[in-house]
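# Survey of secondary and tertiary structure
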Amino acid sequence: MALKALILDWAGTAVDFGSRAPMGAFVEAFSRFGVSISIPEARGPMGLPKRDHVAALLASPDISARWQKAHGAAPTEADVDAVLAVFEPLNVEVIPRHADLIPGLLDVITEARARGMKIGSTTGYTRPIMEKLMPLAAAAGYAPDNVVCAGDLAAGRPSPLMMYRTFADIGVWPPSACVKLDDTEPGIAEGLAAGCWTVGLALSGNSAGFSREELEALSAEELAAVRAQAAEKLFRAGAHFVIDSVADLLPVLDAIEARLAAGLRP
């Protein structure tokens, strides 16, 4: 059985090396409610649908305590919605500054299509954010066959529903003939729940959280430590393979096809 589809996440996977766009938006959104959060705290739930991400941040003991101190009460579901309402336009606003394609993406997409694979996509971004990002990516040469956003369905990651919609949108089955590429643990969980092969990205996205310039400034030893720590997170989440970025994917596609030919399944 040949591979039929490559299904990619967006930020940190296809665009926005280091998954930088949401970070400042989360910090700023919380600051407008009198609550300080750090970039590492903001990164913690990355990959979840954005409302779930806000809810996870407010549920963390430290941030919940800060919220209670600022507001005199524990955060509520209404507070989740209020923070999300501030966050989303902030994220939309910064998208043009974080829309660059990750190096190697177009070469991999071209080769995957040459192999007869469809190109699907799911994202933790909401539809309004993606409406800003998709035309910028398309202008740079990247237009997958579908886009399923957080909020489009009854549940997002780590459920498989966005993957199921993708299978239907692009007309591929079985899931074992599909590869999910993602930089976050919820994204890997999404692929596993749907029955796909999963490939984690250690350096281009949220798991490392560095820009290209920051990575290039690291010593060989520091880079190896960042890679190892990020890879451990992704393997622990269940990734079948972990690579640095999308640019390294083609040998993994070959390895997966060899496993399929041997009768192995995810």
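Treat the numbers as computed from the prediction; the structure is a model and nothing was measured.

### Some remarks on the domain arrangement of the chain
Here the chain is partitioned into domain 1 (5–17 + 100–262) and domain 2 (20–97). Relative placement of domain 1 and domain 2: their C-alpha centres are 24 Å apart. Together, the buried faces of domain 1 and domain 2 total about 1,600 Å²; carbon and sulfur atoms form 61% of this surface. Considering only the surface of domain 1 that becomes buried against domain 2, Y125, I129 and N206 emerge as the three largest contributors, covering 29% of it.

### A short note on the UniProt feature "active site" (unreviewed entry) in the chain
This chain's UniProt record puts "active site" (unreviewed entry) on D9 and K50. The greatest C-alpha distance among the annotated residues, which extend across 42 residues, is 14.0 Å, indicating that they converge on a single site. Mapping D9 onto the fold places it in the loop between β1 (5–8) and α1 (21–31). Given a relative accessible area of 4%, D9 falls into the buried group. Dropping the residues within four chain positions of it, D9 is found in contact with A14, T122, T123, G124, R157, K180, L181, D182 and D183. At 3.0 Å, the side chain of D9 forms a polar contact with the side chain of R157. Residue placement: K50 occurs in helix α3 (residues 50–59). For K50, a relative accessible area of 3% corresponds to the buried category.

### Some details on the sheet that holds strand β5 (residues 197–201)
Judged by pairing direction, the sheet is parallel, and its six strands sit side by side in the order β3-β2-β1-β4-β5-β6 without closing on themselves. A strand with exactly one partner marks an edge of an open sheet, and here the two such strands are β3 (148–150) and β6 (241–243). In this sheet, neighbouring strand axes are inclined to one another by 20° on average, regardless of whether the strands run parallel or antiparallel. Bridge count between β1 and strand β2 (residues 118–126): four bridges; the pairing is parallel. Within the sheet, the bridge partner assigned to L6 lies in β2 and is I119. Running over the sheet, helix α11 (residues 220–236) touches β5 and β6 and is turned about 155° from β6.

### Notes on the environment of G151
With respect to the helices and strands, G151 occurs in the loop between β3 and α8 (161–170). Residue G151 is classed as exposed on the basis of its relative accessible area, which comes to 71%. C-alpha of G151 to C-alpha of D182: the two residues are 31 residues apart in sequence and 19 Å apart in space.

### What to know about the packing of aromatic side chains
Counting across every chain of the model gives four aromatic pairs. Geometrically, the ring pair formed by Y164 and F167 is tilted, given 6.4 Å between the ring centres and 45° between the ring planes. On the criterion of helical spacing, the pair formed by Y164 and F167 is a turn pair, its members being three residues apart in helix α8. You can call F167 buried: its relative accessible area is 11%.

### Description of the environment of A155
Its location among the elements puts A155 in the loop between β3 and α8. Residue classification places A155 among the partly exposed residues on the basis of a relative accessible area of 31%.

### Digging into unusual backbone geometry
P158 follows R157 through a cis peptide bond whose omega is 5°. Structurally, P158 can be placed in the loop between β3 and α8. Here the bond from W173 into P174 is cis, since omega is -5°, no more than 30 degrees from zero. By secondary structure assignment, the location of P174 is in the loop between α8 and β4 (178–182). Positive phi outside glycine occurs at D16, with the angle close to 60°. One can find D16 in the loop between β1 and α1.

Conventions used here
- Within each chain, residue numbers correspond to sequence positions counted from 1 in written order.
- Side-chain atom pairs in this predicted model are given and counted only at pLDDT of 80 or more, local residue features only at pLDDT of at least 70, and totals for whole chains, interfaces and linings cover all residues.
- Derived side-chain values reflect all non-hydrogen atoms in the structure, with water molecules and hydrogen atoms excluded from consideration.
- Each domain's extent is set by a domain assignment, obtained either automatically or from a database.
- Each of two parts loses accessible area, computed with a 1.4 Å probe, when they are put together; buried area is these two losses added.
- UniProt positions are given in the numbering used here, feature names are shortened, and annotations may be inferred rather than shown by experiment.
- Runs of H or I in DSSP of at least four residues are treated as helices and runs of E of at least two as strands, each being numbered from the N terminus.
- Each residue is assigned to one of three classes by its accessible area relative to the maximum for its type, calculated with a 1.4 Å probe on protein chains only: buried under 20%, partly exposed between the two thresholds, exposed over 50%.
- Contacts are assigned to residue pairs that have any heavy atoms within 4.5 Å of one another.
- Counting of polar contacts relies on pairs of N or O atoms within 3.5 Å, with two restrictions inside protein: one atom must be capable of donating a hydrogen and the other of accepting it, and residues adjacent in sequence are counted only when both atoms are side-chain atoms.
- Two strands qualify as a pair provided DSSP detects at least 2 bridges between them.
- As a rule, the C-alpha atoms of each element are fitted with a line to give its axis, helices using only the stretch in contact, and angles between N-to-C directions run from 0 to 180 degrees.
- Each Phe, Tyr or Trp ring (for Trp, its six-membered ring) is paired with any other whose centre lies within 6.5 Å, and the angle between the two planes then decides the class: stacked below 30 degrees, edge-to-face above 60, tilted in between.

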